[in-house]
Amino acid sequence: MTTATTFTRNDIEIATRAADAFTRLYYTTYDSPTRVDDLPKFYRSSSTLTWNGNPCQGTEGVKKLIQDMPSTKHEVQSYDCHPIPGSQPPSLLVTVSGNVTHGRGPAGNPVSTPIKSVDGQPRVFFQSFMLVPDPTAPVVKAGEVAKYYVDADAMRFVG
């Protein structure tokens, strides 16, 4: 029989700070000119990513996916964080929704682009991350945010 873990208000606050820091850093990195080299650093070789139904494995899979994609601009509308009992610090389920534009946006499309084309148009996305404490990171003190990596990631266009 397993016992339930009770999180304190402080635990939830720390988890929320971790999710906030992760979300800001992740999408800033994703939208940067150095994303091909920097975004895979959020993952490990055992990490899994499903990008709009297409599976990728590990840092090399993420790198290949990103290098074959046009530039992006993400606008995060909301995120939520749920600590997962079982470890201290706990793993975190982070869900994010927002808009993403690939390429230079509608103004960057050639004149011949059909009016209803999604190329360069903002698209609504939903992304879920399972963040796991990084066992190679230095131990954190009470009240500090742990260092996490992406163990699993699922992104889907919803609009």
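Residues numbered from 1 in each chain as written. Predicted model: local features only at pLDDT ≥ 70, side-chain atom pairs only at ≥ 80, totals over all residues. Heavy atoms only, no water.

- Under an unreviewed UniProt entry, the name given to the chain is NTF2 domain-containing protein, and the source organism is Suillus subaureus.

Describing the overall build of the chain
Next, step 1: A count of helices and strands for the chain gives three helices and six strands.
Next, step 2: When its helices and strands are written in sequence order, the chain yields α-α-β-β-α-β-β-β-β.
Next, step 3: Each of the 159 residues in the chain was classed as buried or not, and the buried ones make up 38%.
Next, step 4: Intrachain contacts of the chain at a sequence separation of at least 6 include 63% that bridge at least 24 residues.
Next, step 5: Accessible surface for the chain amounts to roughly 9,500 Å². Of this, 57% is attributable to carbon and sulfur atoms. (Helix = DSSP H or I, 4+ residues; strand = E, 2+ residues; numbered from the N terminus. Buried < 20%, exposed > 50% of the residue type's maximum accessible area, 1.4 Å probe, protein only. Contact = heavy atoms within 4.5 Å. Areas by Shrake-Rupley, 256 points an atom, 1.4 Å probe, with all protein chains shown as cover.)

Thoughts on the sheet that holds strand β6 (residues 148-157)
Next, step 1: Within the open sheet, the six strands sit side by side as β2-β1-β6-β5-β4-β3. Their pairing is mixed. Since the sheet does not close on itself, it has two edges, and those belong to β2 (54-57) and β3 (72-84), each with one partner. Taking the axes of each pair of neighbouring strands and ignoring which way they run, one obtains an average angle of 15° across the sheet.
Next, step 2: Note that strand β1 (residues 43-51) and β2 share four bridges and pair antiparallel. Across the sheet, the residue bridging to L49 is C56, located in β2.
Next, step 3: Packing against the sheet, helix α1 (residues 9-30) makes contact with β1, β3, β4 (91-102), β5 (123-133) and β6, and its axis sits at approximately 155° to β3.
Next, step 4: Helix-sheet contacts for helix α3 (residues 58-67) involve β1 and β2, and the interaxial angle to β1 is about 45°. (Pairing = 2+ DSSP bridges. Axes fitted to C-alpha atoms, helices over the stretch in contact; angles between N-to-C directions.)

Focus: the packing of aromatic side chains
Next, step 1: One pass over the structure, following the stated rule, counts eleven aromatic pairs.
Next, step 2: For the ring pair Y27 and F125, a centre distance of 5.8 Å and an interplane angle of 45° mean the geometry is tilted. Here the residue Y27 occupies a position in helix α1, and F125 occupies one in strand β5, the gap between them amounting to 98 residues. You'll find Y27 and F125 in the same group, each marked buried.
Next, step 3: A connected cluster of aromatic rings, assembled from ring pairs, spans F22, Y26, Y27, Y30, F42, Y43, F125 and F129.
Next, step 4: Seen from the ring of F157, R123 lies directly overhead, with NZ or CZ sitting 4.0 Å from the centre. (Phe/Tyr/Trp six-rings, centres within 6.5 Å; stacked < 30°, edge-to-face > 60°. Lys NZ or Arg CZ within 6 Å of the ring centre and 35° of its normal.)

Thoughts on the pattern of salt bridges
Next, step 1: The full count for this structure, using the stated rule, is six salt bridges.
Next, step 2: Among the salt bridges present, the one from R44 reaches D134, with a minimum N-O distance of 2.6 Å. Highlighted residues: R44 in strand β1 and D134 in the loop between β5 and β6, separated in sequence by 90 residues.
Next, step 3: Classification of D134 by relative accessible area gives buried; the value is 8%. (Salt bridge = Lys/Arg side-chain N within 4 Å of Asp/Glu carboxyl O.)

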